[in-house]
Amino acid sequence: MTVQPEPGVAATPAAIVTDDLADDVGPLTNSVFDLPDHLSPKADPTLIARDEQHFAAIAESLEQSITDLSDRLDAERKAPGGKGRQAVVRDMEIRRLTARLRALRRFGLDLCLGRMVGGDGSEPVYVGRFGLTDSTGRRLLLDWRSPAAEPFFGATHANPMGLASRRRYRWTRGRITDYWDEVFTPDGLEAHAALDDQSAFIASLGSNRSGRMRDVLGTIQADQDAIIRAGSRGALVVDGGPGTGKTVVALHRTAYLLYSDPRLGHRRGGVLFVGPHQPYLAYVSDVLPSLGEEDVQICTLRDLVPEGAAATIETDPDVARLKSSADLVKAIEAAVRFYEEPPAKGMTVTTGESDIWLSADDWAEAFEAPGPGTPHNEARDEIWEELLTILMEKYDGDEPEDLVRRSLLQNRELLTTVNRAWPLLEATDLVADLWSVPAYLHRCAPWLSPDEVRRLQRGNAQAWTMSDLPLLDAARQRLGDPEASRRKRRHDAAVAVERERMATVVDDLIEADAYDDGEGLLTMLRQQDLRDALVDEAALPSTEPDRLAGPSRTSSWTRPRN
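First, a word on what this report is: a plain description of the structure on this page. This is a predicted model, so every value here is computed, not measured.

A cluster of nonpolar side chains, Leu272, Val274, Leu301 and Leu304, forms an exposed patch at the surface whose accessible area comes to about 340 Å². Mapped onto the elements of the fold, Val274 is located in strand S7 (residues 272-275).

A few words on helix H11 (residues 326-337). All of the buried residues along H11 are Leu328, Ala331, Ile332, Ala335 and Val336. Along the axis of H11, the buried residues cluster in a sector spanning 135 degrees; they form a single face. Opposite the packed face of H11, turned more than 90 degrees from it, sit the exposed residues Ala326 and Lys330. Contacts from the buried residues of H11 go to helix H10 (317-323), helix H13 (376-394), helix H16 (427-434), helix H17 (438-444) and helix H19 (469-479).

Moving on, we come to the packing of aromatic side chains. Counted by the stated rule, this structure contains 13 aromatic pairs. With a centroid separation of 5.2 Å and an interplanar angle of 80 degrees, the aromatic rings of Phe367 and Trp422 are classed as edge-to-face. Placement of Phe367 in helix H12 (residues 360-367) and of Trp422 in the loop between helix H15 (412-421) and H16 is noted, with a sequence separation of 55 residues between them. Positioned above the aromatic ring of Tyr179 is the side chain of Lys42, whose terminal nitrogen or guanidinium carbon lies 5.2 Å from the ring centre. A cation sits over an aromatic face here: Lys323 above Trp435, 4.6 Å from the ring centre.

The topology assignment puts Tyr395 in the loop between H13 and helix H14 (401-409). The buried category is assigned to Tyr395, whose relative accessible area is 13%. The spacing of Tyr395 and Thr351 is 44 residues in sequence and 9.2 Å in space, taken between C-alpha atoms. Contacts of Tyr395, omitting those with residues within four sequence positions, involve Thr351, Ser354, Ile356 and Val404.

The subject of this paragraph is the sheet that holds strand S6 (residues 175-183). By way of backbone hydrogen bonds, the strands of a sheet pair with one another, either parallel or antiparallel. Spatially, the six strands line up as an open sheet ordered S3-S4-S2-S1-S5-S6, and their pairing is mixed. In this open sheet, the two strands that pair with only one neighbour each are strand S3 (132-133) and S6. Sitting on the sheet, helix H2 (residues 45-78) is in contact with strand S1 (112-118), strand S2 (125-128), S3, strand S4 (139-143), strand S5 (163-172) and S6, with an inclination near 60 degrees to S5.

The buried fraction of S4 amounts to four of the five residues, a majority that puts the element mostly inside the structure. Examined bridge by bridge, S2 and S4 share two bridges and lie parallel to one another. Residue pairing for S4: Val127 is matched across the bridge by Leu142. Sheet topology note: the S3/S4 ladder contains two bridges and is antiparallel. Paired with Thr133 across the two strands is Arg139, which belongs to S4. Where S3 hands over to S4, the hairpin turn is made up of five residues, of which Gly137 adopts a positive phi near 95 degrees.

Procedures and definitions
- Residues numbered from 1 in each chain as written.
- Predicted model: local features only at pLDDT ≥ 70, side-chain atom pairs only at ≥ 80, totals over all residues.
- Heavy atoms only, no water.
- Patch = residues over 30% accessible without salt bridge, like charges linked within 9 Å, V, L, I, M, F, W, Y side chains within 5 Å.
- Areas by Shrake-Rupley, 256 points an atom, 1.4 Å probe, with all protein chains shown as cover.
- Salt bridge = Lys/Arg side-chain N within 4 Å of Asp/Glu carboxyl O.
- Helix = DSSP H or I, 4+ residues; strand = E, 2+ residues; numbered from the N terminus.
- Buried < 20%, exposed > 50% of the residue type's maximum accessible area, 1.4 Å probe, protein only.
- Arc of directions from axis to C-beta.
- Contact = heavy atoms within 4.5 Å.
- Phe/Tyr/Trp six-rings, centres within 6.5 Å; stacked < 30°, edge-to-face > 60°.
- Lys NZ or Arg CZ within 6 Å of the ring centre and 35° of its normal.
- Pairing = 2+ DSSP bridges.
- Axes fitted to C-alpha atoms, helices over the stretch in contact; angles between N-to-C directions.

Right, dumping it as structure tokens:
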């Protein structure tokens with residue numbers, strides 16, 4: 001197998017292999033090592049011959065893998081698209097193959113970070129950006145995120161983690177321009193050229209800075225690796241001054257969790273990387289793809305809220321200070337609770353031939369029905385169901401229950417009262433009213449002074465600033481989706497219509513007696529469970545929101561009075 005140098009890089013003399021390896025590998029036309037003259041002792045064949053052999057196997061496996069993946073990708077693209085789930089599965093396979101092919105083409109032999117040799121005298125284990133095997137299944141590269149690769153990053157003299165030595169490579173345009181050996185046992189001293197334990201790390205400090213974060217995977221230190229591989233339960237806070245490696249740890253931890261945490265696999269979850277501003281994201285954007293992860297979503301704080309794209313900087317520092325207070329988030333809760341007060345007076349609900357008295361206590365009982373933490377907009381359906389239950393229990397007429405329930409559902413006066421007492425709310429409307437109705441803000445944030453209330457008011461209440469975004473986010477979390485209730489009602493109405501249609505079809509079949517299999521099939525159709533099973537709810541309007549539709553702009557609410 002011939003390893004070609006990168007374009008524009010002069011070839012070094014052919015590698016010399018030692019006698020014990022010459023029978024196992026053919027001569028390489030060009031060496032992967034491109035060591036400068038002052039490092040010529042490191043070019044000793046006794047030091048690098050084993051590496052040359054292994055890199056030849058990696059190059060051959062990479063070439064074969066790229067060919068195989070390209071053929072499979074072409075076949076998938078030419079195959080019929082199919083329908084439904086078949087089309088989704090095909091698209092996902094094309095996406096997976098494309099991502100893998102892009103990762104393989106992104107790197108060459110510089111996939112390899114280094115190697116480690118165990119204290120038991122076993123063969124060296126080569127660690128890479130991702131795993132790689134040859135056609136026989138032999139492991140050529142061990143994924144850096146796997147538990148078996150942890151000693152490569154975590155071994156120290158105090159805790160060698162079973163290693164005799166570790167070698168790190170320095171790559172320049174696809175060639176090795178330096179390497180460093182760290183030795184942990186007396187046996188590891190044999191045939192090693194560079195024994196400066198920190199040489200790889202110190203050399204990385206001397207590199208020139210650029211507009212993008214440099215690749216530092218090969219120089220991750222033991223204390224950084226401990227943070228990267230820490231457990232994923234709960235929050236992990238990494239504190240440190242500028243330039244101490246916090247971002248490096250966060251990015252590598254992201255790649256590690258995507259590899260190791262089962263909650264993030266098989267499309268059960270994902271990772272969102274949030275940065276302070278776009279220049280920061282541009283600086284780090286190349287790191288995760290270089291670690292083999294291309295599906296991580298990255299954004300700034302303003303991207304988390306729909307209004308963030310057009311938000312401006314808050315020009316008044318006093319207003320910015322007030323809005324940044326955690327106390328003001330409490331005002332969001334009070335603002336929502338303003339719309340969750342049951343009617344203080346009872347009412348008569350007319351249904352068919354009867355009147356049902358709905359007292360103030362009944363209203364209060366219904367308004368307590370939603371469980372703790374239920375978003376405001378989604379709680380309204382629970383309140384409505386509880387009201388229907390209370391009214392049905394009070395009904396003492398002779399009409400069938402289904403007719404009474406249908407009559408209650410269509411009672412305009414009852415619907416209007418519920419909508420006024422517990423309206424559907426939009427986060428933008430709720431927050432905007434805090435900045436445009438002084439009495440409302442004073443009610444929701446009574447600790448604010450009159451001057452502070454006045455400062456927070458503005459002419460265009462929805463001229464959002466960056467300081468508004470956390471409050472809008474808090475309001476959305478507390479309110480929930482205002483469209484959820486509407487989608488559920490549309491779905492339930494469609495199900496009712498379909499059930500009525502199927503009931504008519506079944507009644508016509510039974511009446512016609514057109515089919516009799518002798519086993520009572522037509523008689524079975526009289527059972528309600530079977531009739532319900534005939535309704536295909538999957539073909540009806542879904543109660544789930546369209547994730548690609550963007551935020552809702554509709555509003556159904558009552559504006560507070562001055």
